[in-house]
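# Structural overview
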Amino acid sequence: MSFHKLLHKKVMSPEAAQRFVNASRINGKKVVFTNGCFDILHAGHVDYLSQARDLGNVLILGLNTDSSVKRQNKGPERPINSEDARAKVLASLGCIDAIVLFDEDTPYELIKLLQPDILVKGDDYTPESIVGYDIVTGRGGKVITIPFLQGYSTTSIVNKLKG
């Protein structure tokens, strides 16, 4: 399969992602899930996502839709990149195996559907405060936080561009 086709194949419906997760588990793979907006991809994102992938064999990324990002009040100009553009850029990262867009305010229903073995967020959260903690720990999984790479954030990039 060409790399170009692989990029498009990585963006999946929730149902396709569930089939992918189930097939991965049958093959003995540990499934990691994280989520976010990833509006302007930067070194901090790449560092975070590669560390998340290192925790298992498969990394599923729940990606906020444009309307979901707008409801998070990150600013009137956000998201800067559309959900399709963000998904395409993220799909090019080798550490991500699947991307699933979600329109809700949180990925709770997506986590409930996919039942990951490991749930990951940045260390600005405590594990117990992470959406889906109850689902993952309830089935014996782990909820892990990863430190952010200092000096990188989409907000700081936006502010720098504004001058």
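No experiment lies behind these values; they were computed from the predicted model shown. (Residues numbered from 1 in each chain as written. Predicted model: local features only at pLDDT ≥ 70, side-chain atom pairs only at ≥ 80, totals over all residues. Heavy atoms only, no water.)

## Comments concerning the nonpolar core
Short version of the rule: Buried Ala, Val, Leu, Ile, Met, Phe, Trp, Tyr and Cys residues form a nonpolar core when they are joined through side-chain atoms within 4.5 Å. Relative accessible area decides the class of each residue, using a 1.4 Å probe on protein chains only: under 20% of the type maximum gives buried, over 50% gives exposed, and in between gives partly exposed. Helix and strand definitions here come from DSSP, where helices need a minimum of 4 consecutive H or I residues and strands a minimum of 2 consecutive E residues; each element is numbered from the N-terminal end. We call two residues contacting when some pair of their heavy atoms lies within 4.5 Å.
Counting 19 residues, the largest nonpolar core has Phe-38, Leu-49, Leu-61, Leu-90, Ile-96, Ile-99 and Val-120 as the members making the most contacts within it. Within the residue set of this core, elements represented by two or more residues are helix H3 (43-54), strand E3 (58-64), helix H5 (83-91) and strand E5 (118-122). Setting aside residues no more than four positions away along its own chain, Phe-38 makes contact with His-45, Tyr-48, Leu-49, Leu-61, Leu-63, Arg-86 and Leu-90. Counting 18 residues, the second-largest nonpolar core is a separate cluster that includes Val-31, Val-100, Ile-135 and Val-136.

## As for the sheet that holds strand E6 (residues 142-146)
Rules: Paired strands are those between which DSSP finds at least two bridges. Note on definitions: angles span 0 to 180 degrees between N-to-C directions of axes, and those axes are lines fitted to C-alpha atoms, for helices only across the stretch in contact.
Taken together, 6 strands build an open sheet; the order of strands is E1-E4-E3-E2-E5-E6 and the sheet is parallel. Across the chains shown, the open sheet's two edge strands, defined by having one partner strand only, are strand E1 (11-12) and E6. Taken together, the 6 bridges between strand E2 (residues 31-36) and E3 define a ladder with parallel strand orientation. Considered in E3, the bridge of Val-32 is made with Leu-59. Each of E1, E3 and strand E4 (98-102) touches H5; the most contacted strand, E3, lies at about 165° to it.

## A look at the packing of aromatic side chains
The line we're drawing: Here a Phe, Tyr or Trp ring, Trp counted by its six-membered ring, pairs with any other such ring whose centre lies within 6.5 Å, and the pair is stacked when the planes are under 30 degrees apart, edge-to-face when over 60, and tilted otherwise.
Counted under the stated rule, the structure contains 1 aromatic pair. Judged by centre distance (6.2 Å) and plane angle (35°), the rings of Tyr-48 and Phe-148 are tilted. Of the two residues, Tyr-48 sits in helix H3 while Phe-148 sits in the loop between E6 and helix H8 (154-162), which places them 100 residues apart along the sequence. Relative accessible area serves as the criterion here: at 5%, Tyr-48 is assigned to the buried category.

## Digging into the state of the cysteines
Selection rule: Cysteine sulfur atoms are paired as a disulfide whenever they come within 2.5 Å of each other.
Counted under the stated rule, the structure contains 0 disulfides. Here Cys-37 stays unpaired: no disulfide links it, and the sulfur of Cys-95, its closest cysteine neighbor, is 17 Å away. Looking at Cys-37, the relative accessible area reads 10%, which means it is buried.

## Things to note about the pattern of salt bridges
Condition: Here, a salt bridge means any side-chain nitrogen of Lys or Arg that lies within 4 Å of a carboxyl oxygen of Asp or Glu.
Under the criterion given, the structure shown has 7 salt bridges. Across the pair Arg-25 and Asp-117 runs a salt bridge, and its minimum N-O distance is 3.4 Å. Pair noted here: Arg-25 is in helix H2 (residues 14-26) and Asp-117 is in the loop between helix H6 (108-114) and E5, with a separation of 92 residues, a long-range link. By relative accessible area, Arg-25 is classed as partly exposed at 24%. With a relative accessible area of 18%, Asp-117 lands in the buried category.

Fair warning: the whole summary comes from geometry, so function is off the table for now.
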